[in-house]
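The chain contents come next:
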Amino acid sequence: MGKNKLMAMHKCYCDTGLEFENCCGLYLQNNQKAPTALALMRSRYSAYATHNADYLLETTYISERQFYSKAEILKWAVSNKWQKLEILSFTENTVEFKAYFLDSNNKPQTHYEFSTFKFENDAWYYLDGKFE
């Protein structure tokens, strides 16, 4: 089997239980737009897991992009081993979640965030997040 065939057969990183190609792969690889803030949030987690800094910047609300660096996003994505995503609650434009990962010293870490999203020009964007 080729590499693409192997990639297509694994479960999605965002813990829906679906195959990657039928879940976040639709947005990360097939350029489809995430239909909800929750789907966008899940795809952004998968983007960290697959080191897709371009997608993370593209799905950040345009006025907020100046506060992010592609190099820094990539460094954060690559330096951690993404383990699991847990959705705590969500509304139409917010998602509260915990992302579990191993840091560069292989120590378990939990990132908690309450994220806000904005729908504009037929697409959802990450606006900002509150952290604990």
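Please refer to the structure higher up on the page.
Report follows, based on the coordinates. (Residues numbered from 1 in each chain as written. Predicted model: local features only at pLDDT ≥ 70, side-chain atom pairs only at ≥ 80, totals over all residues. Heavy atoms only, no water.)

Things to note about the side chain of Ser-46
With respect to the helices, strands and loops of the structure, Ser-46 is situated in helix 3 (residues 37–49). Owing to a relative accessible area of 0%, Ser-46 belongs among the buried residues under this scheme. Each residue touching Ser-46, except ones within four places of it in the same chain, is listed here: Cys-12, Tyr-13, Cys-14, Phe-20, Cys-24 and Leu-28. (Helix = DSSP H or I, 4+ residues; strand = E, 2+ residues; numbered from the N terminus. Buried < 20%, exposed > 50% of the residue type's maximum accessible area, 1.4 Å probe, protein only. Contact = heavy atoms within 4.5 Å.)

Here we look at the nonpolar core
Membership of the largest hydrophobic core comes to 30 residues, with the highest contact counts inside it found for Cys-14, Cys-24, Met-41, Tyr-45 and Phe-117. Secondary-structure elements contributing two or more residues to this core are helix 2 (25–28), helix 3, helix 4 (53–58), strand 1 (81–90), strand 2 (94–102) and strand 4 (123–131). For this core, the leading source of residues is helix 3, giving eight residues. Excluding residues within four positions of it along the chain, Met-41 makes contact with Leu-85, Ile-87, Val-95, Phe-97 and Phe-117. (Core = buried A, V, L, I, M, F, W, Y, C linked by side-chain atoms within 4.5 Å.)

Here's the deal with the side chain of Glu-96
Within the fold, Glu-96 resides in strand 2. Here Glu-96 occupies a buried position and makes no salt bridge, while the nearest side chain of opposite charge, Lys-98, is found at 8.1 Å. Looking at Glu-96, its side chain comes within polar contact range of the side chain of Tyr-112, at 2.6 Å. Once residues lying within four places of it in the same chain are set aside, the contact partners of Glu-96 are Glu-86, Ile-87, Leu-88, Ser-89, Tyr-112, Glu-113 and Phe-114. (Lys, Arg positive; Asp, Glu negative; His and termini not counted. Salt bridge = Lys/Arg side-chain N within 4 Å of Asp/Glu carboxyl O. Polar contact = N/O pair within 3.5 Å; in protein donor to acceptor, adjacent residues only side chain to side chain.)

Points about the sheet that holds strand 1
Taken together, four strands build an open sheet; the order of strands is 1-2-3-4 and the sheet is antiparallel. Only two strands of the sheet have a single partner each, and these edge strands are strand 1 and strand 4. Each strand of the sheet is rotated relative to its neighbour by a mean of 30°, with strand direction disregarded. As judged from the eight bridges shared by strand 3 (residues 108–120) and strand 4, these two strands associate in the antiparallel manner. In the sheet register, Ser-115 faces strand 4, and the bridge partner there is Gly-129. Contacts from helix 3 reach strand 1, strand 2, strand 3 and strand 4, with the element oriented near 165° to strand 1. (Pairing = 2+ DSSP bridges. Axes fitted to C-alpha atoms, helices over the stretch in contact; angles between N-to-C directions.)

Here's the deal with unusual backbone geometry
One non-glycine residue with positive phi stands out, namely Asp-15, at about 70°. Take Asp-15: it is sitting in the loop between helix 1 (3–8) and helix 2. Of note in this structure, Asp-122 is not a glycine but carries a positive phi near 65°. Mapped onto the elements of the fold, Asp-122 is located in the loop between strand 3 and strand 4. Assessed through its relative accessible area of 66%, Asp-122 is described here as exposed.

Considerations on the pattern of salt bridges
Opposite charge on two side chains permits them to pair, given that their charged atoms come into close proximity. Applying the stated criterion across every chain, the model contains one salt bridge. Close ionic contact of Asp-54 with Lys-70 constitutes a salt bridge, the shortest N to O distance being 2.7 Å. With Asp-54 in helix 4 and Lys-70 in helix 5 (residues 70–79), the pair connects residues that are 16 residues apart, well separated along the chain. Residue Asp-54 is classed as partly exposed on the basis of its relative accessible area of 36%.

Looking at the state of the cysteines
Counted according to the given criterion, the structure contains zero disulfides. Not part of a disulfide, Cys-14 finds its nearest cysteine sulfur in Cys-23, a span of 3.7 Å. Overall, Cys-14 belongs to the buried group, its relative accessible area being 0%. Free cysteine: Cys-24, not disulfide-bonded; nearest cysteine sulfur from Cys-12 at 3.6 Å. (Disulfide = S-S within 2.5 Å.)

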